[in-house]
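Examining the three-dimensional arrangement
Spelled out, the chains give:
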Amino acid sequence: MTTEDIHAREHDHENQHENQHENQHQHRHQRGPEYKTYEVDKTYEVDETYEVGETYEAYDLVGVGIGPFNLSLAALSDGAPGLRTLFLDAKPAFSWHPGLLMEGTILQVPFLADLVTMADPTSPWSYLNYLREHDRMFPFFFSERFHIPRREYDHYCRWVAESLPSCRFDARVTEVEWDERDEVFAVTHRAADGAVSRVRARQIVLGVGTNPVVPEPLRPLLTPAHAGRVLHSSDYRTHRARLAGLADVTVLGAGQSGAEVALDLLRHQDGSGEGGPYVRWLARTPAFAPMEYSKIGLEHFTPDYIRYFRALPEERRERLVREQWQLYKGVSEETLGEIHDELYERTIGGTEPRAALHPGVTLVAAEPERGGDGDGGYGGGYLLTCRHLEQDALFEVRTSAIVAATGYAAARPAFLDAMAKLVDWDEQGRYRIDGAYRVALDASVSGALYVQNAELHTHGIGAPDLTLGAWRAATILNAVAGREVLRVPERAAWTTFGAPGTGRGQRT
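Residues numbered from 1 in each chain as written. Predicted model: local features only at pLDDT ≥ 70, side-chain atom pairs only at ≥ 80, totals over all residues. Heavy atoms only, no water.

Focus on a nonpolar patch on the surface
Convention followed: The residues that make up patches have over 30% relative accessible area and no salt bridge, and they are joined within 9 Å when like-charged or within 5 Å when they are Val, Leu, Ile, Met, Phe, Trp or Tyr. Every accessible area reported is derived by Shrake-Rupley at a probe size of 1.4 Å, with residue values counting cover from the shown protein chains alone. For salt bridges, the criterion is a side-chain nitrogen of Lys or Arg within 4 Å of an Asp or Glu carboxyl oxygen. Strands here are runs of E lasting at least two residues and helices are runs of H or I lasting at least four, both read from the DSSP assignment and numbered beginning at the N terminus.
Residues L128, M137, F138, F141 and F142 make up a contiguous nonpolar surface patch of roughly 580 Å² in combined accessible area. Ranked by residue count, the leading element in the nonpolar patch is helix α4 (residues 137-143), at four residues. The topology assignment puts L128 in helix α3 (residues 127-133).

Now the structure itself:
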């Protein structure tokens, strides 16, 4: 239920920020007891070394990136008394995995896992309120849906992003640095027209998402010469029409994205298997397995499991993430069933399917072949060398195009280079992250840096999952405010993950 799958959005607002507090839904009241408070409207001095005439807006929190997770934080902080927030994104408008927003694709988590409901069901930014505002409440009720179309989730998030005055698009962050004199972060961002702006913040939250990952043998082929024929699944929709007209397409990866691409290509064949490409689906996993979706199994996506996971030694955490692939990298039973149904339909009367499914296979090498442009057959296509892992046997396949549905990974953003020496990186160059999603920094930095969806190694498989998005955002919001803005549950699972009496994964 990752979909890494967890994704990016944007839209712009500019001069609304001066009046942000007046516009932020004054009818909402603060929930929970007040703890210590900060002086949040502090006026910062402008560093005299900056160019004369430049002004710098000051915020309590600046978010970099407006994907679902930072958008959740923006929505939950909207109307929070005494907090001035700003969220920046490079894109001109909000979008979430546009390369995979095909008709018929369904979100893998229930609609209650929207931007706010799991932390604040009274928020005006809930999915149900979106339905009400768009006069879709009755159609939604009659549809009896628990899992909604991805295209509607994208539209819902776009509505929130366009409505919140704290979200600013066309604002590519180019540098974040620590101003030691004034004890604030200085954030530089640039618009598409080249205009440069700077803001200052006491605290920063990174929600820059993850980057597409392709197998090493394919990386030399990610060039303009192979565009549209060697690609990551995040670009599938862009090249979908061309791929459907090829003779043979190979899909790599056994997760939900790989299954949806394979299914979509199969549907381009007609009822007898003619037309459309031959579809080959390869995966490293030992099976094309369904995602674990039992009610008790889903308790791995709770704050209880995160507490348990964080307390484990690093080597055990690394092993668990690898072993738990079926909890977050499997395929929905519905999609697997639809693929089976398509193949069944195409074999009526003894016809051989123009498709092949190969689990337990890894890609060893990929070479472009000379001749033709790849659109009329194997000529100009690619020779793939593969290894069957259990048999340790090599085999070759020829294909016209390759779609790598091989996931995403967190990467260190270049805009942090100016303060890289102030971050306490672990031995593998990753963030050290505490229970409030705060990155460990040098003792000289009095501000706080938070991250979202960069903590798979410290918090476990729930990091990219939308189910925990609102809870994590509320946890960060409370830490930023220094008080309980939103109450978060002490316990959310029936399962006790640690040994009785250890306190791990139990009420703390």
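What to know about the pattern of salt bridges
Per the counting criterion, the structure on display carries 27 salt bridges. D264 is the partner of R240 in a salt bridge, and the nearest nitrogen-oxygen pair spans 2.7 Å. A residue pair is termed long-range when its members are at least 10 positions apart, and R240 in helix α6 (residues 236-244) and D264 in helix α7 (residues 256-266) qualify at 24 residues. Via salt bridges that share partners, D179, R181, D182 and R200 belong to a single interconnected network.

A few points about the sheet that holds strand β14 (residues 393-399)
As a reminder, the rule being used: Strand pairing follows a simple DSSP-based rule, namely that at least 2 bridges must link the two strands. Fitted lines through C-alpha atoms serve as axes, helices being fitted only where they are in contact, and the angles separating the N-to-C directions of these axes extend from 0 to 180 degrees.
Spatially, β12-β13-β14 is the arrangement adopted by the three strands of the open sheet, whose pairing is antiparallel. The open sheet is flanked by β12 (361-368) and β14, the only strands paired with a single partner. On average, each strand axis in the sheet is inclined to that of its neighbour by 25°, with strand direction left out of account.

Notes on the sheet that holds strand β9 (residues 248-252)
Within a beta sheet, neighbouring strands are joined by backbone hydrogen bonds and run either parallel or antiparallel to one another. The five strands are arranged β8-β15-β9-β10-β11 in an open sheet whose pairing can be described as parallel. Each edge of the sheet is formed by a strand with only one pairing partner; in this case those strands are β8 (230-232) and β11 (355-358). Each adjacent strand pair in this sheet contributes to an overall mean axis angle of 15°, direction not counted. In terms of strand pairing, β8 meets strand β15 (residues 401-404) through three bridges, oriented parallel. By the bridge assignment, H232 is partnered in β15 with A404.

Concerning the side chain of H226
Rules: Classification of residues uses two cut-offs on accessible area relative to the type maximum, computed with a 1.4 Å probe and protein chains only: under 20% is buried, over 50% is exposed, and between them is partly exposed. Contact criterion: two residues are considered in contact whenever any of their non-hydrogen atoms come within 4.5 Å of each other.
Note on placement: H226 falls in the loop between β7 (211-212) and β8. Given the relative accessible area of 12%, H226 is considered buried. Discounting residues that sit within four places of it in the chain, H226 has contacts with L221, P368 and Y382.

That is the geometry; function is a separate question.
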